[in-house]
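One-letter residues, chain by chain:
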Amino acid sequence: MAQYLSNELAGTTTGTTTAAAAGYKPAATVYAGRLKRFRATVTYASQTTSDTIVLANVPAGFTFAYGVLNADTSSGSTTLAIGISGTTAKYRAAGAFTSTDTPTLFGKAAVAGAASELSSTETIILTLAAATAPSSGTLIVDLYFSSPN
């Protein structure tokens, strides 16, 4: 029975590699890298559907791992998308977040699995849609990225 390497160990995306190329080393941002947290605390204050909230400025060279949402108040019918300008749902598709006091993981496999380092600083935003945000409460967004240092 063949033993295959993960894409990160093999340096390919085929999933059928049994040996890495000579001299290949996995990228430090995704294999044995350091995980960095970017925390954003948002106070709900009836923000409208045309509002965006800047959550973090992530430096070039970092690679997205996952995010965690936690809130003391349901977003109700307000949907929350996490991404960047032009791709507002890059990291989390728009959806209501109704779980309270329950840390909830998010992240798109296509983004995390691509293991591509940011080529430039990325301003990550929260985009509100569908309804006005609650008039009070707290939403915490933790974004985790790996970095080579």
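Heads up: the structure comes first, above all this text.
As a starting point, this report considers the structure included with it. (Residues numbered from 1 in each chain as written. Predicted model: local features only at pLDDT ≥ 70, side-chain atom pairs only at ≥ 80, totals over all residues. Heavy atoms only, no water.)

## Quick word on the pairing of strand β7 (residues 122-129)
Argument step 1. Among the eight residues in β7, six count as buried, and that is most of the element.
Argument step 2. Strand direction decides the pairing type here: strand β2 (residues 52-58) and β7, joined by six bridges, are antiparallel. The residue bridging I53 from the neighbouring strand is L126, located in β7.
Argument step 3. By the bridge criterion, five bridges tie strand β4 (residues 79-84) to β7 in an arrangement that is antiparallel. (Buried < 20%, exposed > 50% of the residue type's maximum accessible area, 1.4 Å probe, protein only. Helix = DSSP H or I, 4+ residues; strand = E, 2+ residues; numbered from the N terminus. Pairing = 2+ DSSP bridges.)

## Details of the sheet that holds β7
Argument step 1. The sheet built from four strands is open, its strands ordered β2-β7-β4-β5 with antiparallel pairing. Only two strands of the sheet have a single partner each, and these edge strands are β2 and β5 (87-96). The sheet shows a mean angle of 15° between the axes of neighbouring strands, taken without regard to direction. (Axes fitted to C-alpha atoms, helices over the stretch in contact; angles between N-to-C directions.)

## With respect to the side chain of T78
Argument step 1. Positionally, T78 belongs in the loop between β3 (63-71) and β4.
Argument step 2. For T78, a relative accessible area of 1% translates into the label buried.
Argument step 3. At 3.1 Å, the side chain of T78 forms a polar contact with the backbone oxygen of A131.
Argument step 4. Once residues lying within four places of it in the same chain are set aside, the contact partners of T78 are G95, A96, F97, L128, A129, A131, T132, A133 and P134. (Polar contact = N/O pair within 3.5 Å; in protein donor to acceptor, adjacent residues only side chain to side chain. Contact = heavy atoms within 4.5 Å.)

## So, the environment of S136
Argument step 1. With respect to the secondary-structure elements, S136 resides in the loop between β7 and β8 (138-147).
Argument step 2. Taking the C-alpha atoms as reference points, S136 and P59, 77 residues apart in sequence, are found 31 Å from one another.

## Here we look at the environment of V111
Argument step 1. Positionally, V111 belongs in helix α2 (residues 109-114).
Argument step 2. When the C-alpha positions of V111 and A65 are compared, they lie 8.4 Å apart, and in sequence the two are 46 residues distant.
Argument step 3. Contacts of V111, omitting those with residues within four sequence positions, involve F64, K90 and Y91.

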